Amino acid sequence: MSLDRRTFLKRTGGAGAAFIASRLPVPGTVSAQDMTVRPDPAAKRGGTLRYAVHNAPAHFDVHQSGTVANIGPQSPMYDTLLRRSPKDGQTIIPDLAQRWEISPDGKKYTFHLRKGVKFHDGADFTADDVKATYERIARPPKGVVIPRTPLFATVGDIVVVDPHTIEFRLTEARPKAYMLGAFASGWNIIVRKKTLEENQGNLRQVMNYPGTGPFKHVSRKDKEIWIMERFPDYWNKGLPLVDKLEIYHFLPFTPELGASFLSGRVDYARLLDPVTWRRAKEMPGVTAANFNQSVIQAFWTNMQKNKALADPRVRRAIHLAMDRPTLIEVVKDTAPMQVGGFVYPFHPMSTPRAELEKKLGYQKDVKPAVQEARKLMAAAGYAQGLRNLDFVVRDIPTFKLWAVAIQAMLKEHLNIESNLRVVQTSVWFDEAQAGNFDLAISAIVSTLMDPSDIFSAWYGKDGPQNYSRWTNAPFHDIASQVDRELDDSKRRALVRKAEDILENDPPLIPVAYEQIYDAYYNRVHGQNPSTYFGIYDVVRWDQVWLG
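> Explain the overall build of the protein here, please?
Helix and strand content of the protein: 17 helices and 20 strands. Relative to its length of 547 residues, the protein is compact, with a C-alpha radius of gyration of 23 Å against a globular reference of 24 Å. If one aligns the C-alpha atoms of the protein with their principal axes, the spans along those axes are about 70 × 55 × 40 Å. By the burial criterion, 62% of the 547 residues in the protein qualify as buried. Roughly 20,400 Å² of accessible area belongs to the protein as shown, and the carbon and sulfur atoms make up 49% of that amount. Distance between charge centroids for the protein: 2 Å, based on 71 positive and 61 negative side chains.

> Where do I start with the packing of helix 12 (residues 367–379) against helix 13 (residues 397–414) in this structure?
A pair of packed helices is characterised by two quantities: the angle between their axes and the separation of those axes. Where helix 12 contacts helix 13, the two axes come as close as 10 Å, and the packing angle between them is 70°. Between helix 12 and helix 13, the interaxial angle falls into the category roughly perpendicular. Between helix 12, through Val370, Ala373, Arg374 and Met377, and helix 13, the contact on the second element is made entirely by Glu412, His413 and Leu414. Considered class by class, the residues forming the contact of helix 12 with helix 13 number 4 nonpolar, 1 polar and 2 charged.

> Can you help me understand empty space enclosed by the protein in this one?
Where empty space is left in the structure can be found by rolling a water-sized probe over the atoms. Counted as a void, the largest cavity has a volume near 200 Å³. If you go around the largest cavity, you meet 20 residues; those closest to its centre are His54, Arg394, Ala443, Glu514 and Tyr536. When residues of the lining of the largest cavity are traced back to their parent elements, those giving at least two are strand 13 (295–301), helix 13 and strand 17 (439–445). Along the lines of polarity and charge, the residues of the lining of the largest cavity split into 12 nonpolar, 6 polar and 2 charged.

> Explain the pattern of salt bridges to me, please; I cannot follow it from the model alone.
Per the counting criterion, the structure on display carries 35 salt bridges. A salt bridge links Arg540 to Asp79, with the nearest nitrogen and oxygen atoms 2.8 Å apart. Pair noted here: Arg540 is in the loop between strand 19 (524–525) and strand 20 (545–546) and Asp79 is in the loop between helix 3 (68–74) and strand 2 (82–84), with a separation of 461 residues, a long-range link. In this pair, the class of Arg540 matches that of Asp79, namely buried. The residue Arg278 makes a salt bridge to Asp333 at a minimum N-O spacing of 3.3 Å. Placement of the pair is Arg278 in helix 8 (residues 274–281) and Asp333 in the loop between helix 10 (324–330) and strand 14 (337–338), with a sequence separation of 55 residues. Among the residues examined, Asp333 registers a relative accessible area of 30% and is labelled partly exposed.

> Which parts of the structure should I look at to understand the packing of helix 7 (residues 255–262) against helix 8?
Close contact between helix 7 and helix 8 brings their axes to 9 Å; oriented N to C, the two are set at 15°. Judged by the angle between their axes, helix 7 and helix 8 are roughly parallel. As helix 7 packs across helix 8, the resulting crossing turns out to be right-handed. Touching Gly258, Phe261 and Leu262 of helix 7 are Thr276, Arg279 and Ala280, all from helix 8. Here the contact of helix 7 with helix 8 is composed, by residue class, of 3 nonpolar, 2 polar and 1 charged.

> Would you explain the packing of aromatic side chains in this entry?
The geometry of an aromatic ring pair comes down to the distance between the two centres and the angle between the two planes. Tallied over the entire structure, the rule returns 37 aromatic pairs. Geometrically, the ring pair formed by Phe168 and Phe183 is edge-to-face, given 4.9 Å between the ring centres and 65° between the ring planes. With Phe168 in strand 7 (residues 165–170) and Phe183 in helix 5 (residues 176–183), this pair connects stretches of sequence that are 15 residues apart. Here the two residues Phe168 and Phe183 agree in accessibility, since each one is buried. Grouped by ring-pair contacts, the aromatic residues Phe342, Tyr344, Phe346, Phe455, Trp458, Tyr459, Trp470, Phe475, Tyr513 and Phe533 constitute a single cluster. Just above the ring of Trp226 sits the side chain of Arg220; from NZ or CZ to the centre is 5.3 Å.

What counts, and at which threshold
Just so you know, the residues in each chain are numbered from 1, in the order the chain's sequence is written. The model is predicted, so local features are restricted to residues of pLDDT at least 70 and side-chain atom pairs to those at 80 or more, both for listing and for counting; the totals for chains, interfaces and linings are taken over all residues. Hydrogens are left out, water is left out, and the side-chain values use all remaining heavy atoms of the structure. We count a stretch as a helix when DSSP gives it H or I for four or more residues in a row; a strand needs E for two or more, and each element gets its number in order from the N terminus. Radius of gyration: over C-alpha atoms. The globule rule applied is 2.2 Å multiplied by the number of residues raised to the 0.38 power. Buried means the residue's accessible area, taken with a 1.4 Å probe over protein chains only, is under 20% of the maximum for its type, while exposed means over 50%, and partly exposed covers the values in between. With residues, only the protein chains shown are counted as cover, and all accessible areas are computed by Shrake-Rupley using a 1.4 Å probe. Within this scheme the basic residues Lys and Arg register as positive and the acidic residues Asp and Glu register as negative, but His and the chain ends are omitted. Positions of charges follow a simple convention, taking NZ of Lys, CZ of Arg, CG of Asp or CD of Glu. The convention used is that axes are lines fitted to C-alpha atoms, helices contributing only their stretch in contact, and that angles between N-to-C directions extend from 0 to 180 degrees. An angle below 35 degrees is read as roughly parallel, one above 145 as roughly antiparallel, one from 65 to 115 as roughly perpendicular, and any other as oblique. Any two residues whose heavy atoms approach within 4.5 Å are treated as being in contact. Each residue gets one of three labels, nonpolar for Ala, Val, Leu, Ile, Met, Phe, Trp, Tyr, Cys and Pro, charged for Asp, Glu, Lys and Arg, and polar for the others, Gly among them. Here the term cavity refers to a set of points on a 1 Å grid, laid over the protein atoms alone, in which a 1.4 Å probe fits but cannot get out; the term pocket refers to an open set having protein on both sides within 12 Å along at least five of seven lines, with lining residues being those that place an atom within 4 Å of a point. Grid points are joined across faces, edges and corners, and a volume is the space filled by probe spheres set on the points. For this document, the term salt bridge refers to a Lys or Arg side-chain nitrogen within 4 Å of an Asp or Glu carboxyl oxygen. The hand of a helix crossing depends on one turn: near helix anticlockwise from the far one by less than a right angle means left-handed, and clockwise means right-handed. The criterion for an aromatic pair is that two Phe, Tyr or Trp rings (for Trp, the six-membered ring) have centres within 6.5 Å, with stacked assigned to planes under 30 degrees apart, edge-to-face to planes over 60 apart and tilted to the rest. Note on criteria: charge over ring means Lys NZ or Arg CZ within 6 Å of the ring centre, with the direction from the centre no more than 35 degrees off the ring normal.

As structure tokens, this is what we get:
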């Protein structure tokens, strides 16, 4: 017998948004300088912005990171080639590249860089810094793993034409929105060539390496606060508008984070729990916003360590045994979640949500899915279940709640027994990378809401976030076609084929897709998060002012 949802919740103690397509600016239609971020004419200057986001980073190498713990506090100190406009979080506009051209065959991107840009240590910014940055991202040195590397798989030569002109020569064309989105990613910060050379291409232990961004480092107290001040020589004159940033570290979705906002200790809070967010929404003088996040919440099965988990039938059985509506209910007062499969449920190329929810594994009534799951386990030779699986759990409230619920579901539905092992975030990623687990639950990031990015980083052979070490030749072939296909309707058809493969041979077990709950006092102006996708692109705070 399957547990009914109410009984299950008692036993475990559990307590769609529209996709906005990137609007790509056409160089030459208006002045490139006018297309970059400009101060609000009504803006007041000065003051200190107090911002709360996530717990402290485990290391300081933004390129190697996959967590907002890095990009949240560090982004204000750096710039990128292109960026997403803070007005809508979507439109791609110039940044360190003042303008750009794309060759007619789509295989050469030429960026014309701004002159007179300074790093925080006084050094001049040149094309050599861009080349060194992107050579590292596209072709990391030994011992360095960068989740965004697959974005630039088609980049061949990176050629410095002159100190302020650089060419990226592609071995084959990619959709323009995909490539420009990759260059505009907040993760792909530009760092000094000299910095990389002095640190052998690894910045994990370098807390304060110079950037060209609107704010520069002042001080940091580990696990508590990172303080920055306005960079007086910032190339974008008139910005930033506030004098100082105080970035506070709190675990996401926690009462401590909520209390810091409700008490007025911080001006802006990100990753609020639903209870606090609802209270904030009712407060006078406060704005509460929600938007989709660019991660999948999932758990991985170690196919190399465990023979049973290498069998696609076992993994599909585990996938079908998940009661996803209940899993969302379990964390409803901790974090806002929504049901989804192997591609963002709000992506225009994925199976529509209404259609997805009719499929086994996503239905409200889990009985048919559980029956099929038990048949698959029997066919694979594991009708009696599995024992002593090492289930590594990331030490965040949502994952701890889910792990208990999933442990109960696996036991009840498939007689799979597991032992929970809760570890800190940095340890979790090390364990996952090393393959020291049978099951491991966390969340992973995509840089773009584009199937090429998801299919390569999450599911690609040797992909940086393919912790299951999964391979499937037909899927990888379709993924390559998705990469090369420039027609959206043809890409959509390929994505649907890929989804069918993933359903039957899961590389991970999807749990849910997160939404972000932000709240801020109305004295904070210039931030418009409601149309953003994810929390990794518009986090520089150069356009924000206090009034």
